[in-house]
Amino acid sequence: MKLFRGAVDTIKRVYRYEKTTGMDVGALQGVMLIFAVVLFLIDIDNFRLGKYVIGIVTLVVGIVSVTAVFVIRRFQKVVLVCRIAVFLFLLLAAAILYAGANDGFSLLWYLLLPVITLVPLGMPFGAPVCIGFGLMIMTFFWTPLADILRYYYPRDYREFYPIFYWGFCLMDVAMDIFYKNYQIRQHQNEENLENEVQEAVAGTKNLMLHSVTAISQLIDAKDRYTREHSQRVAEYSRLIADYMQGGHATGEELELIYRSGLLHDIGKIAVPDAVLNKPERLTDEEYEVMKKHTIWGREILSGLEFLPQADLGATYHHERYDGSG
């Protein structure tokens, strides 16, 4: 009972999946190519037996199938074209069934109907088509309606054709479910992997932000005159950037400005404490050392991929707005 419920759940899952996904063009191309190869092989006998009309028709159908394999992806409405082709295929089936084309041999092609509908087009469309054709065959082969057919099919043909058809149909359904269930699992695995990557990236970003914050606090702790200075610069810079963009700046852009503000004074790490915390006026030599903290900051931050353009903030945060130095 548990196995039966599992099978039913799998069928329902595949059915829902096929309703939300597009047609498997790759599978359709494979089916059409196999179909064309079989046609060409059979056509050898058609011409050898002198059945030139059937042979020419079969040859044309095979050439069309091969051509379609290479051009089908260029159609914008592939699904609509394929569905129309299937309905025309069914109309042709009714004519073949009634006339007994090629002594009933042409009807054998319709054993492949589940392959060309279920796998590429899915169960929502293929199942009604296959069931409808199967019921039509059973009606004309297993009921008195067989008398209205123009061609007299042998008894064994009428008895076993529907059985073989339903057997092929069930086999194709199982193949379609197995194949689509595999696709579903692959898709779920890809989604799970993507979620794990996103979580890892988010964790890395948080770690990076905490690290940057810790570094900025270290810088402020080194300079007793600028406690929490880097934090204020970062917050003001983000506010100014958002205002200048009229509120249209992206979160990533504002975050970049904020991180650059936190680290704009990172070059002070290389400034001696005696110079950085000197209470008296700096000498000219000491002032030159202090001014170099912008250069040292650029050297520290340049080339860090997880902090793009942060070196620009460290380099130019003491430049005059008018560009005069």
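Heads up: the structure comes first, above all this text.
Residues numbered from 1 in each chain as written. Predicted model: local features only at pLDDT ≥ 70, side-chain atom pairs only at ≥ 80, totals over all residues. Heavy atoms only, no water.

## Observations concerning the nonpolar core
- Core analysis: the biggest nonpolar cluster contains 32 residues, and Leu107, Phe133, Phe141 and Tyr161 have the highest contact counts within it.
- Those elements that provide at least two residues to this core are helix H3 (52-71), helix H4 (78-99), helix H5 (113-121), helix H6 (123-142) and helix H7 (155-222).
- It is H6 that provides the largest number of residues to this core, a total of seven residues.
- Among all residues touching Phe133, those that are not within four sequence positions of it are Leu90, Ala93, Leu107, Tyr110, Leu113, Tyr161 and Tyr165.
- Among the nonpolar cores identified, the runner-up in size contains seven residues, and Leu263, Leu301, Ala310 and Ala314 belong to it. (Core = buried A, V, L, I, M, F, W, Y, C linked by side-chain atoms within 4.5 Å. Buried < 20%, exposed > 50% of the residue type's maximum accessible area, 1.4 Å probe, protein only. Helix = DSSP H or I, 4+ residues; strand = E, 2+ residues; numbered from the N terminus. Contact = heavy atoms within 4.5 Å.)

## With respect to the packing of aromatic side chains
- Scanning the model with the defined rule gives eleven aromatic pairs in all.
- Plain terms: the ring middles of Phe87 and Phe125 are 5.9 Å apart, the flat faces sit at 90° to each other, and that makes the pair edge-to-face. With Phe87 in helix H4 and Phe125 in helix H6, this residue pair connects regions lying 38 residues apart in the sequence.
- Measuring from centroid to centroid gives 5.5 Å for Tyr165 and Trp166, while their planes differ by 70°, and the two rings are edge-to-face. (Phe/Tyr/Trp six-rings, centres within 6.5 Å; stacked < 30°, edge-to-face > 60°.)

## Side note on H6
- Relative to the 28 Å expected for 20 residues at 1.5 Å per residue, H6 spans 26 Å between its end C-alpha atoms, a close match to the ideal helical length.
- Within H6, burial applies to Met123, Phe125, Gly126, Val129, Cys130, Phe133, Gly134, Ile137 and Phe141. Looking straight down H6, one finds its buried side chains confined to an arc of 165°; they lie on one side. (Expected span 1.5 Å × (residues − 1). Arc of directions from axis to C-beta.)

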